[in-house]
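Structural features, examined
Read off the chains here:
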Amino acid sequence: MSVIVNRSLVVLGSTGSVGCNTLDVARHQANSFSVKGLSARANVNLLFEQIQVFHPQLVAVENIAAATVLEDRLISEGLTSTKVLKGEHAATKLVEELRPDVVMAAILGSAGLYSALRAVELGGTVLIANKEPLVMAGHLFQQAVKQSGATLLPVDSEHNAVFQCVAGSDVVDQPISEIVLTASGGPFFREDELPSWVSLSDITPDQAIAHPNWSMGAKISVDSATMMNKGLEIIEACHLFELPVEKISVLLHPQSVVHAIVNFIDGSSIAQMGLPDMRVPIAYAMSWPHRFDSGVANISLAEVGQLTFRDPDYQCMPCLALARDVAEEQSPVLATALNAANEVAVEAFLAGNLSFGKIPEVIAKVLGDRNGNPANDVETLIRVDYEVRKQTLDLVH
Ligand SMILES: NC(=O)c1ccc[n+]([C@@H]2O[C@H](COP(=O)([O-])OP(=O)(O)OC[C@H]3O[C@@H](n4cnc5c(N)ncnc54)[C@H](OP(=O)(O)O)[C@@H]3O)[C@@H](O)[C@H]2O)c1
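Residues numbered from 1 in each chain as written. Predicted model: local features only at pLDDT ≥ 70, side-chain atom pairs only at ≥ 80, totals over all residues. Heavy atoms only, no water.

Here we take up the site of the ligand. Of all residues adjacent to the ligand, which total 24 residues, the nearest are Thr15, Ser17, Ala42, Asn43 and Glu132. Within the contact set of the ligand, an oxygen atom lies 2.9 Å away from a backbone nitrogen or oxygen of Ser17. Here the ligand, which alone exposes 890 Å², has 89% of that area covered by the protein. When contributions to the shell around the ligand are tallied by element, the ones reaching two or more residues are helix H1 (17-28) and helix H6 (131-148). Taken together, the residues of the shell around the ligand sort by class into 11 nonpolar, eight polar and five charged. (Near = heavy atom within 4 Å. Polar contact = N/O pair within 3.5 Å; in protein donor to acceptor, adjacent residues only side chain to side chain. Areas by Shrake-Rupley, 256 points an atom, 1.4 Å probe, with all protein chains shown as cover. Helix = DSSP H or I, 4+ residues; strand = E, 2+ residues; numbered from the N terminus. Nonpolar A, V, L, I, M, F, W, Y, C, P; charged D, E, K, R; others polar.)

This next bit is on the nonpolar core. If you look at the biggest cluster of nonpolar residues, it comprises 95 residues, and the most contacted ones within it are Phe141, Ile179, Phe189, Leu338, Phe356 and Ile359. Leave out the neighbours within four places in its chain, and Leu338 touches Met228, Leu232, Ile235, Leu322, Ala323, Val326, Ile363 and Leu367. In terms of nonpolar packing, the next biggest core, distinct from the first, is built from 40 residues, Ile4, Val61, Leu127 and Leu153 among them. (Core = buried A, V, L, I, M, F, W, Y, C linked by side-chain atoms within 4.5 Å. Buried < 20%, exposed > 50% of the residue type's maximum accessible area, 1.4 Å probe, protein only. Contact = heavy atoms within 4.5 Å.)

According to the domain assignment, the protein consists of domain 1 (7-154), domain 2 (157-275 + 287-314) and domain 3 (331-397). On a C-alpha basis, the centroid separation for the pair domain 1 and domain 3 is 26 Å. Counting residues at the interface gives 11 residues for domain 1 and 12 residues for domain 3. At the boundary of domain 1 with domain 3, total buried surface from both sides reaches about 890 Å², with 68% on carbon and sulfur atoms. In this structure, the connection of domain 1 to domain 3 is made through zero salt bridges. Where the side of domain 1 that touches domain 3 is concerned, the elements lending two or more residues are helix H5 (113-121) and H6. When residues of the side of domain 1 that touches domain 3 are assigned to their parent elements, the largest contribution, six residues, is made by H6. Residue composition of the side of domain 1 that touches domain 3, by class: seven nonpolar, three polar and one charged. (Domains from an automatic or database assignment. Buried area = accessible area lost by both parts, 1.4 Å probe. Salt bridge = Lys/Arg side-chain N within 4 Å of Asp/Glu carboxyl O.)

Glancing now at the packing of aromatic side chains. Taken as a whole and judged by the stated rule, the model has six aromatic pairs. Each ring, one from Phe33 and one from Phe292, has its centre 6.2 Å from the other, and the planes form 85°; the classification is edge-to-face. Pair noted here: Phe33 is in strand S2 (residues 33-40) and Phe292 is in the loop between helix H11 (279-287) and helix H12 (301-304), with a separation of 259 residues, a long-range link. Accessibility classification places Phe33 together with Phe292 in one group, the buried group. Between Phe163 and Tyr284 the ring centres are 6.2 Å apart and the planes differ by 70°, which places this aromatic pair in the edge-to-face class. Linking Phe163 in helix H7 (residues 157-165) with Tyr284 in helix H11, this pair joins segments that are 121 residues apart in sequence. For Phe163, a relative accessible area of 10% corresponds to the buried category. Of the residues examined, Tyr284 reaches a relative accessible area of 9% and is grouped as buried. Here the aromatic cluster, defined as three or more aromatic residues joined through ring pairs, consists of Phe188, Trp197, Phe349 and Phe356. Over the face of the ring belonging to Phe48 we find Arg73, whose NZ or CZ atom lies 3.9 Å from the ring centre. (Phe/Tyr/Trp six-rings, centres within 6.5 Å; stacked < 30°, edge-to-face > 60°. Lys NZ or Arg CZ within 6 Å of the ring centre and 35° of its normal.)

A contiguous nonpolar surface patch, about 370 Å² in accessible area, is contributed by Met273, Leu301, Val304, Leu307 and Phe309. Note that Leu301 resides in helix H12. (Patch = residues over 30% accessible without salt bridge, like charges linked within 9 Å, V, L, I, M, F, W, Y side chains within 5 Å.)

Next up on the list: the pattern of salt bridges. One pass over the full model with this rule turns up 19 salt bridges. For the salt bridge of Glu121 with Arg118, the shortest nitrogen-to-oxygen distance reads 3.0 Å. Placement of the pair is Glu121 and Arg118 together in helix H5, with a separation of three residues, close to one helical turn. Classification of Glu121 as partly exposed rests on a relative accessible area of 39%. Its relative accessible area of 26% is what places Arg118 among the partly exposed residues. Between Lys131 and Asp156 there is a salt bridge; the shortest N-O distance is 3.0 Å. One end of the pair, Lys131, is in helix H6; the other, Asp156, is in the loop between strand S7 (151-154) and H7, with 25 residues separating them in the sequence. As far as the burial class goes, Lys131 and Asp156 line up, both buried. What emerges from the salt-bridge pattern is a single network uniting Lys131, Asp156, Glu158, Lys230 and Glu233.

Here it is in structure tokens:
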């Protein structure tokens, strides 16, 4: 019997990979959570199925035409106890109206910034998978936590692993000498001989999203293939654990068994291990400070046999190098520009409008045109996000 009983839960981005895994854990722990709200951009077929199972009070759909289709379907199927919020800020309104105990922030990209930040401003517990808002505005999330008393728990597997290694206590006062984020290397950086970036120029979207270990949404799968994902995670870790970039390193580990290692000043190293299944970090965040059954088995190290580790080669991984440079600048404006250019470049790649090889070139060009404007308020960052998206689209076309 779980010690967590009937907490109200809102899942932002419920139709995505993290969102579906979260609902899977919620179903597995049906007495612990009552799902009050769900959100999607446009996938109302899947959202409808989730409504049939969880009967939320409210759902938010960003795309207005799709929201109207859903509303009609709910009426025709007699599911009128679920109301629909529509449009750009629907997810934020959902959080404001429901004020749940727990919010899972799992929208994709910078589109999740307002709703995730608002959830933190309202207090309560926010489980954050949506890494892009943390990359852009991690300092604003930390400020909001201090003002509202919210609990912000990392869901990204490496950051959740770090959090587990420090046993959830305040890492700022911990004698940490280094945090090591492991990287599977995606589909391309796994072998002893790492490929040059030039040799990957003509990789197709199907090849890039075929992640060997993790099942994830398309954008983060491409980010894993370019190694930008690990770069974004370095910036995310600086904010979440309030550590300088010099204390964060990356280790290639193709088996994805060890998710992070924390090195302490006394020579101890604590690592977190588990199968590469997002339900493990999701369940830890949902059950913290306790633990409950996630539905995932423990890993058998005898079956895995060998665990290997090596340093990344930044020469072969231009996206990782760009992100590390931005992390060193400690500029939210540059981090926002990096993230926005990457989101647009990856979308263009997935749509067949940009080659894999050109992704870092486009991002580097955009970053080269920016300086680290010291204004770091949310309006400035949203403006930078908008301008960079426009500039990157022009470059791509
Ligand atoms: N997938 C993983 O295993 C994993 C691991 C660690 C961290 N993360 C992070 O978690 C976040 C979600 O990743 P994912 O892989 O779950 O993404 P995903 O499968 O692409 O799902 C994204 C979700 O966000 C919604 N969404 C997309 N654009 C939106 C917009 N403009 N407005 C409102 N909602 C929007 C989507 O709705 P529709 O379905 O209607 O489009 C969907 O519900 C990302 O920030 C990612 O970096 C993911």
